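# Remarks on the overall topology
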Amino acid sequence: MSAHAQHFRPTPVFRQTRRRRLTRVTLCDSSGMVQDIMVRDVSAQGLSAVAALVPPALDTIVSVTLPDGRALWGVVRWVAALAFGVEFDTEL
């Protein structure tokens with residue numbers, strides 16, 4: 001190991017705090033398909049969830065209706081089996 005490698009410390013990448021939640025919400029994708037999903041965790045930038053039947057497709061625009069009636073819009077950024085992640089539209 002070189003002298004430089006011994007002193008190298010990577011800069012930490014700070015992520016928004018994620019809150020673990022198991023909450024059922026309603027998701028509507030751009031094709032109009034509506035389904036209940038289970039949110040696993042949520043942050044100010046997005047959420048990860050699990051679909052009961054079919055996850056939304058990658059890069060699909062979706063809306064998530066929260067239990068209090070508020071709707072959040074976002075884009076599906078990753079899909080793995082029934083799990084997926086949504087990045088919220090922060091422009092609003």
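Just so you know, these numbers come straight off a predicted model, no measurement behind them.

## Regarding the environment of Ser-43
Within the secondary structure, Ser-43 is located in the loop between strand S2 (34-42) and strand S3 (46-51). The exposure class of Ser-43 is buried, given its relative accessible area of 6%. In the structure, Ser-43 is positioned 44 residues away from Glu-87 in sequence and 9.5 Å away in space, judged by C-alpha atoms. From its side chain, Ser-43 meets the backbone nitrogen of Gln-45 in a polar contact 3.2 Å long.

## What about the pattern of salt bridges?
Counted according to the given criterion, the structure contains three salt bridges. Two residues, Asp-59 and Arg-77, come together in a salt bridge whose shortest N-O distance is 4.0 Å. Of this pair, Asp-59 sits in the loop between S3 and strand S4 (61-65) while Arg-77 is found in strand S5 (residues 71-80), placing the two residues 18 residues apart along the sequence. You can call Asp-59 exposed: its relative accessible area is 52%. Here Asp-68 ties to Arg-70 by a salt bridge, and the two come within 2.8 Å at their closest N and O atoms. Taking relative accessible area as the criterion, Asp-68 reaches 53% and is therefore assigned exposed.

## Thoughts on the environment of Pro-55
Considering the arrangement of structural elements, one finds Pro-55 in the loop between S3 and S4. With 27 residues separating them in the primary sequence, Pro-55 and Leu-82 have C-alpha atoms 5.4 Å apart. With near-sequence residues (within four places) excluded, Pro-55 lies in contact with Val-79, Ala-81, Leu-82 and Phe-84.

Cut-offs applied
Residues numbered from 1 in each chain as written. Predicted model: local features only at pLDDT ≥ 70, side-chain atom pairs only at ≥ 80, totals over all residues. Heavy atoms only, no water. Helix = DSSP H or I, 4+ residues; strand = E, 2+ residues; numbered from the N terminus. Buried < 20%, exposed > 50% of the residue type's maximum accessible area, 1.4 Å probe, protein only. Polar contact = N/O pair within 3.5 Å; in protein donor to acceptor, adjacent residues only side chain to side chain. Salt bridge = Lys/Arg side-chain N within 4 Å of Asp/Glu carboxyl O. Contact = heavy atoms within 4.5 Å.

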